Number of protein chains: 2
Amino acid sequence: MDGQGTSGAAEPSGGAAEPSGGVAEPSGGAAGLSGGVAGPEALRPLVDEVLAGLAAGARRRGGPIVPGTPAEVAAAVREALAEARGPAALRRLAELLAYGAADPADPHCAAHLHCPPLAVAVAADLAVSALNPSQDSWDQAPAATALESELLAELAESVGFRPDRAAGVLTTGGTESNLMGLMLARDQRLGPDVELNGLPGNVRPRILASEAAHFSVQRAAALLGLGERAVRTVPVDRQLRMDPAALADAFAEAGWEGATTLAVVATAGTTDTGAVDPLHAVADLAARHGAWLHVDAAYGGGALFSERLAPLLDGIDRADSVSLDWHKLGWQPAAAGVFLAREARTYASLARRAVYLNPADDEEAGYPSLLGQSLRTTRRPDAFKLAATLRVLGRDGLGALVDRCHENALRAAELVRTTPELELHCDPVLTTVVFRYAVPDPAGSDRVNAGLRRELLRTGRAVVGRTELPGHGPGRVRLKLTLLNPHTTEAELASLISAVVEAGKAQPGARGTARPAT
Amino acid sequence: MDGQGTSGAAEPSGGAAEPSGGVAEPSGGAAGLSGGVAGPEALRPLVDEVLAGLAAGARRRGGPIVPGTPAEVAAAVREALAEARGPAALRRLAELLAYGAADPADPHCAAHLHCPPLAVAVAADLAVSALNPSQDSWDQAPAATALESELLAELAESVGFRPDRAAGVLTTGGTESNLMGLMLARDQRLGPDVELNGLPGNVRPRILASEAAHFSVQRAAALLGLGERAVRTVPVDRQLRMDPAALADAFAEAGWEGATTLAVVATAGTTDTGAVDPLHAVADLAARHGAWLHVDAAYGGGALFSERLAPLLDGIDRADSVSLDWHKLGWQPAAAGVFLAREARTYASLARRAVYLNPADDEEAGYPSLLGQSLRTTRRPDAFKLAATLRVLGRDGLGALVDRCHENALRAAELVRTTPELELHCDPVLTTVVFRYAVPDPAGSDRVNAGLRRELLRTGRAVVGRTELPGHGPGRVRLKLTLLNPHTTEAELASLISAVVEAGKAQPGARGTARPAT
């Protein structure tokens, strides 16, 4: 018996495998599978249903967002869920999703950093769904494992890290990437697998971040057991850039308090203004005080593709870790986040061996494992759609889209500046414009701006962002346009701004009414 | 000016919105968008390219997994990434992904709990990618927000929670869901926004879980700042069920040590054997000691759809929180995890206000926000594909698929039992079969079983799972079939098991060789 047993082992690895059958003839109908040789044919009619539903829903919506109140939309959803049954349900629900959308592909939908995806990225994502590879072991995702590693090396290079020394992973977005950066910072400074409750009483961990840093920094501190109060916020300038002198003070203050500064988070592209913290100055201070530097470039990372804007990120290569998000300024459907660490060795605290995923003898035999790169176990290869997009459009092609959105932001800012009812907060940095409908009384201003935005939402005319400037008290509410649609025309920008002005005028307390109160 | 200003506000909310144009004529070609009225037509030719690439790749693969070593696969990926450029790149890369896959739709691919997705779920997921809604604010996802809430209420009911009192969220999988359960447990017991390093020295948090619980429990403890050593493991029986007497001892021991038991994790469907911990006995002990009960039903949750298997989960309604994963026994493409908390009030420590996402005046005006339900910010509506699947197949339809996989596990176990070269570990509980190629010498057994699995992988003949039983020392390596393909036939099971036996015989040290060593 043993004598015959080597035939399998001797088979050339490139040769055709024994066909195992089964997938050539999946049960059709509702229980058909998307994989195998027959999967694409099982998918085709269902994809047609979905595309027909999406088109019908978009036509019925007829604008940037479903009109109506949340209660009205919820009632429509409940009705569809109660009625949709059997084969027709797929089209009906796709139509519902499209009808009930806020569609970032509509030029009047410009409130958030969820971008309108490129059709090529969406089509690529379908391949991922159909095959369902999972990145937690090689034998669930052979090609996808290699592809993610290749893409990460490209991205590491683009931020100026040495690809042979860096490490990283695709994430669900900036929130997860920021968490990972702060977790590695904690584990580098306090030791891997730290029991925080067992630390000496004089170790009081601190994280420094600007007032305009993303709230996920506080959230990460809470999750990591450090508590939100471990985050000390550093003041910003009008554009919402961190003030380096204030950061130096914050370091000094932590020192006086006997606190241990684990990390500094620099933001490269604040959610509101797109401002980039002074990366070199922050890196100098972090280095002087031995603190981990995490750069949150979830939004600003898109600038890396643009020759014109890339210099804004000068200094990002000095970060210990970086967050990037290609579902923001990268036109990918969510999720397409990336976490990068400059030095792979700092990643050690995440390493993990699971006997059913990455046994030591498999790794010795050359089977790589990405399990220790991620906080997740099952993990969809979100790298695939970005890799496909980069091959189809090229980096230059993506850069041109970034530039078009940036130009639109400059145009929109100019329109705001020349519209008497509106007040621009500051010049755009990336692709957002922060402004308000000008009402002299601070409380009135907040009411009018918040109210006009809800009115635009309710009537389905426009989806405009709303935010608040750092600080306290009334008068801080601002409107925001997040211009992520590269095909938006100047006429469409003008129409969007007109819609804001009209809705503003219609608010009780707007201009005429408010003026006497000042 | 003011006198005219109410026209916008007076417009009926159900009325047609002003068309904003723009999306009807997106730039075609590579930079076309997937949204708007024109998106579906922009998608159609690209989807055709992807389906053609998937079919070609599956044909070229010709079996359950790409044949070859990891280095050979990586070289093919590098070559394709270097060569693929322009419009043809999409098809080439889709073909690469399919060729380089481990395809769970192939009956000989049965190593992990990543299931072969249903074509209907994959098609539904395309609608989500195309529209790119994000669940972090209503104005990015009006219908999807309502749809997730409706689906969660259905799922809460199916585990026996009161939908009007429960809360939950879609997650990336069991790892994130387990983290959420343990985070809420920590915050319930130690206070919200706890600074662990500031706790009194006598507070020593502990988590109890079985030896066969998922490794994400240890990972969560590390992430949460409790340290992996905070997890005390409780012994299991041969089927890998937690021993309730041992759990009682573990509680007592924690008490002697002055430790605070935050939580008990009960597993409903261990990764290897599908064993379900004795939920009522565990719940009784958790209640007696005031510990949070988290039930990890990431794998076993699928049994809820099956009349025959649902009784296995009896007692799950006593959990404080539950993990479910529909990308395991639910035939969804990843990610389709669910986290549920029995009482919404216990969720409070996650609540968060972001001025640009869920301002207080918006919530007062009736705009709901799911931001405070999730650890993430940007979040794809993974609820949609599951809701669509449930409407197309019905709960009974999904239950029938669960039953077919369970029956296949029983058949495969019988085949193993009657194959002299193989040794069954225990009767299947859900859809997995744990066994080994019998070699008397423990170290030889491990070598042969690990080696035969790699040989099947390398030649592309079969993808079989490999795991280790709890304990120490050699002889614990086992093979595993994870039978998640409902269309697999008995003949295909027999052929899969034959492939294992043939590969086993071919291993140096198998039977004949090993016997003298005992």
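Because the structure is predicted, anything quoted here is derived from the model rather than measured.

Participant: Hey, could you go over the side chain of His114(A) for me, with residue numbers and the actual values?
Facilitator: Checked against the element boundaries, His114(A) lands in the loop between β1 (109-110) and α5 (119-131). On the basis of relative accessibility, which here comes to 7%, the residue His114(A) falls in the buried class. Within polar-contact distance, the side chain of His114(A) engages the backbone oxygen of Asn132(B) at 3.0 Å. Residues contacting His114(A), with those up to four places away along its chain left out, are Ala102(A), Pro104(A), His327(A), Leu484(A), Asn132(B), Pro133(B), Ser134(B) and Gln140(B).

Participant: Any chance you could break down the sheet that holds strand β10 (residues 432-437) of chain B for me, citing the residues and the numbers?
Facilitator: Backbone hydrogen bonds hold the strands of a sheet together, and the pairing may be parallel or antiparallel. Residue and element names in this part refer to chain B. Within the open sheet, the five strands sit side by side as β1-β11-β12-β10-β9. Their pairing is mixed. The two strands at the open ends of the sheet, each matched to only one other strand, are β1 (109-110) and β9 (422-424). The pairing of strand β11 (residues 463-468) with strand β12 (residues 477-482) spans four bridges and is classified as antiparallel. Looking at the pairing, Glu468 lines up with Val477 of β12.

Participant: Give me the packing of helix α4 (residues 89-99) of chain A against helix α12 (residues 383-417) of chain B: which residues, what numbers.
Facilitator: Across the interface, α4(A) lies against α12(B) with an axial gap of 9 Å and an inter-helix angle of 150 degrees. With respect to α12(B), the element α4(A) is oriented roughly antiparallel. Handedness of the α4(A)/α12(B) crossing: right-handed. Contacts between α4(A) and α12(B) pair Ala89(A), Leu90(A), Leu93(A), Ala94(A) and Leu97(A) from the former with Phe384(B), Ala387(B), Ala388(B), Arg391(B) and Val392(B) from the latter.

Participant: Help me get a handle on the pairing of β10(B), residues and values and all.
Facilitator: As a general feature of sheets, a regular strand has side chains that alternate between the two faces. All names here are of chain B. The element β10 is extensively covered by neighbouring structure, given that six of its six residues are classed as buried. The alternating pattern of β10 places Thr432, Val434 and Arg436 on one face and Val433, Phe435 and Tyr437 on the opposite face, and all of these are buried. In this structure, β9 lies alongside β10, joined through three bridges in antiparallel fashion. When the bridges of β10 are listed, Glu423 appears paired with Arg436.

Participant: Would you mind going over the pattern of salt bridges in detail, with residue names and values included?
Facilitator: All told, the structure shown has 86 salt bridges over all chains when counted by the stated rule. Of the charged contacts, one joins Arg165(A) and Glu343(A) as a salt bridge, the two residues approaching to 3.0 Å between their closest N and O atoms. Here Arg165(A), found in the loop between α6 (142-158) and β2 (167-171), pairs with Glu343(A), found in the loop between β8 (337-341) and α11 (360-364); they are 178 residues apart in sequence, far enough to count as distant. Residue Glu343(A) is classed as buried on the basis of its relative accessible area of 14%. Bridged by salt links that share partners, the residues Asp125(A), Arg380(A), Asp382(A), Lys385(A), Asp125(B), Arg380(B), Asp382(B) and Lys385(B) form one connected network.

Participant: Requested: an account of the nonpolar core, with residues and values cited.
Facilitator: Soluble, globular proteins show a tendency: their nonpolar side chains are buried together. Counting residues in hydrophobic clusters, the biggest one holds 220 residues, and the most contacted among them are Leu118(A), Val295(A), Leu340(A), Leu118(B) and Val295(B). Apart from the residues lying within four places of it in its own chain, the contact partners of Leu118(B) are Ala30(A), Ala31(A), Gly32(A), Leu33(A), Ser34(A), Trp331(B), Thr389(B), Leu393(B), Leu398(B) and Leu401(B). Among the nonpolar cores identified, the runner-up in size contains 66 residues, and Leu182(A), Met183(A), Val217(B) and Tyr347(B) belong to it.

Basis of the calculations
Residues numbered from 1 in each chain as written. Chains lettered and ligands numbered in written order. Predicted model: local features only at pLDDT ≥ 70, side-chain atom pairs only at ≥ 80, totals over all residues. Heavy atoms only, no water. Helix = DSSP H or I, 4+ residues; strand = E, 2+ residues; numbered from the N terminus. Buried < 20%, exposed > 50% of the residue type's maximum accessible area, 1.4 Å probe, protein only. Polar contact = N/O pair within 3.5 Å; in protein donor to acceptor, adjacent residues only side chain to side chain. Contact = heavy atoms within 4.5 Å. Pairing = 2+ DSSP bridges. Axes fitted to C-alpha atoms, helices over the stretch in contact; angles between N-to-C directions. Parallel < 35°, antiparallel > 145°, perpendicular 65-115°, else oblique. Left-handed = near helix turned anticlockwise from the far one by under 90°. Salt bridge = Lys/Arg side-chain N within 4 Å of Asp/Glu carboxyl O. Core = buried A, V, L, I, M, F, W, Y, C linked by side-chain atoms within 4.5 Å.

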